[in-house]
Amino acid sequence: MSPLKLVAAGVTDVGRVRDGNEDDFLEQADRLGLVAVADGMGGHRAGEVASATALEALRAAVAAGQPLRKAIEGANDAVLEKSESDHELHGMGTTLTAGMLGTDGSLTVGHVGDSRAYLIRDGELSQITEDHSLVEEMVKGGELTPEQAEVHPQRSIITRALGIDPVVDVDLYPIQLRAGDRVLLCSDGLTTMVRPEEIATILGREHDPKRAAQLLVDAANAAGGEDNVTALILEAVEVPDEVAVAPVVDDGRDAAGRRGRPPKPRRRPGRTIFRIAIWALPILLVLGVAFAVVGWYARNTYFVGIDRSRVTVFQGIKGGLLIWDPTIERRTDLNPDDLTTAQREDVTGGKKFSSRGDADAYVRRLRHGIEQRTTPPSTTVPTLPATSAPPPS
Ligand code: MN
């Protein structure tokens, strides 16, 4: 059997609800035969520190030749040490699900927490790892059905993580990989948003690891994106003997040494460019038209707002639109403090007009209103007593 190598790509995204992304992944399939996903937790930025610290410690340990279990235990030590050294990081922790290729072509999955590893073989998706979560334990204890666990309010509570205790119990799953097998590593931001059947459908449709990972992330976001979401896909690729011995030239590596696609078969560059052009043309055309329409709208809209405490006529959209920032058309000497409350609210919000003339007319009405209020009309001026009025002529 020809030797196997891993081709991998990951995508991580903040999702649609959270402020920061505490997920992280490691893609060292080429150099170390190692990939991993980590989902950090902790206040402020501690979750991000926890996942990044664990992944870096894992990478360094595997690079130094340590077996996977020992490397994950080392990652636990690194997160715990950092958490104890800085009170802002106290209590942080992270999940870790890693895959490491052995010299015999087997993959070892090491796992702590509720991120997951799935095997995709012959179109079938099967879960490799078991969640270390409260709801999983309740399912095992017969207190919940798997369906109830999916929607349980406490489904994000985990029972094992790195960085909490000096001793961590690491689950290891050996997988005998076959050429064409794919493994998905993902955070719970994917699995709480997208059902396994849909994950399988997406993976069946898209074979390129990077595009497939992106589609999974897109699906989680389309379903609400309630958590950070990470998907990493690795594929076991058979290495033909001539590629294994010959120095590899232009095999799709990017500057960071990551592979964008399997090394064989190589496409002629001309054909690649042609394919990209055909695929991209309609999209570029649509984008160009949309851009022009937005630009026209931004240039042909006016609003009356406030600049340097004066009522000002602007061209454009308040706050700007894409690359078009509003420009000042005309400054007036009107002070917003002299306006009525309702007018001041309109102007503060940037009252919109479809032409410069309409905006100017509005400013004239504001000016007229101010004059009416600050220069009392003659009818209300106290008149002189009739006795001192000049006698009619
Ligand atoms: Mn999560």
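This text goes with the structure placed above it.
What you see is a predicted model, and the numbers here were worked out from it, not measured in a lab.

Analysis parameters
- Residues numbered from 1 in each chain as written.
- Predicted model: local features only at pLDDT ≥ 70, side-chain atom pairs only at ≥ 80, totals over all residues.
- Heavy atoms only, no water.
- Axes fitted to C-alpha atoms, helices over the stretch in contact; angles between N-to-C directions.
- Helix = DSSP H or I, 4+ residues; strand = E, 2+ residues; numbered from the N terminus.
- Left-handed = near helix turned anticlockwise from the far one by under 90°.
- Contact = heavy atoms within 4.5 Å.
- Pairing = 2+ DSSP bridges.
- Donors = N, O, S within 2.8 Å, 3.2 Å for Na, K, Ca; no water.
- Buried < 20%, exposed > 50% of the residue type's maximum accessible area, 1.4 Å probe, protein only.
- Expected span 1.5 Å × (residues − 1).
- Phe/Tyr/Trp six-rings, centres within 6.5 Å; stacked < 30°, edge-to-face > 60°.

Visitor: Let's hear about the packing of helix α7 (residues 196–205) against helix α8 (residues 209–222): which residues, and what values?
Guide: Between two packed helices, both the angle of their axes relative to each other and the distance between the axes serve to describe the pair. Where α7 contacts α8, the axes come no closer than 9 Å and their chain directions differ by 145°. Seen along the crossing, α7 lies across α8 with a hand that is right-handed. Facing E198, I199, I202 and L203 of α7, the residues of α8 in contact are A212, L215, L216 and A219.

Visitor: Any chance you could break down the sheet that holds strand β13 (residues 310–315) for me, citing the residues and the numbers?
Guide: Strands sit in the order β14-β13-β12-β15 across an open sheet of four strands; the sheet is antiparallel. The strands lining the two open edges of the sheet, one partner per strand, are β14 (327–331) and β15 (351–353). Averaged over neighbouring strand pairs, the angle between their axes works out to 40° when direction is ignored. Strand direction decides the pairing type here: strand β12 (residues 302–307) and β13, joined by six bridges, are antiparallel. Bridging from a neighbouring strand, V304 pairs with V313 of β13.

Visitor: Describe the sheet that holds strand β11 (residues 229–238), naming the residues involved and giving the relevant values.
Guide: If you walk across this open sheet you meet the five strands as β1-β11-β10-β7-β8, and the pairing is antiparallel. If you trace the sheet from one side to the other, it starts and ends with β1 (4–13) and β8 (124–127), each paired once. For this sheet, the mean angle separating the axes of adjacent strands, direction not counted, is 20°. Inspection of the sheet shows strand β7 (residues 116–121) paired to β8 by four bridges, in the antiparallel sense. Bridging across to β8, Y118 finds its partner in Q127. Helix-sheet contacts for α8 involve β1, β10 (182–186) and β11, and the interaxial angle to β1 is about 30°.

Visitor: Account for the coordination of the manganese ion, with residues named and values stated.
Guide: With distances of 2.1 to 2.2 Å, the protein atoms coordinating the manganese ion are D39 (OD), D188 (OD) and D227 (OD). Sequence positions of the residues that donate to the manganese ion give the spacing D-x148-D-x38-D. Here D39, found in strand β3 (residues 34–41), pairs with D188, found in helix α6 (residues 188–191); they are 149 residues apart in sequence, far enough to count as distant. Each member of the pair, D39 together with D188, is buried.

Visitor: Describe helix α12 (residues 356–374), listing the residues and the values that go with them.
Guide: Compared with the 27 Å implied by 1.5 Å per residue over 19 residues, the 27 Å span of α12 between its first and last C-alpha is a close match. Among all positions in α12, only A359, D360, Y362, V363, L366, G369 and I370 are buried. Each element contacted by the buried residues of α12 is listed here: β12, β13, β14, α11 (341–348) and β15.

Visitor: Residue-level account of the packing of aromatic side chains, with values.
Guide: Per the stated rule, a full pass over the model turns up three aromatic pairs. On the basis of an interplanar angle of 45° and a centroid distance of 5.0 Å, the ring pair of F291 and W324 is categorised as tilted. Of this pair, F291 sits in helix α10 (residues 269–299) while W324 is found in the loop between β13 and β14, placing the two residues 33 residues apart along the sequence. Look at F291 and you get partly exposed, because its relative accessible area is 39%. What makes W324 buried here is its relative accessible area of 15%. Seen from their ring centres, F303 and F314 are 4.7 Å apart, and the 10° between their planes marks the pair as stacked. Taken as a pair, F303 in strand β12 and F314 in strand β13 lie far apart in primary sequence, eleven residues in all. We classify F303 as buried; its relative accessible area is 4%. Taking the relative accessible area as the measure of exposure, F314 reaches 11% and is therefore buried.

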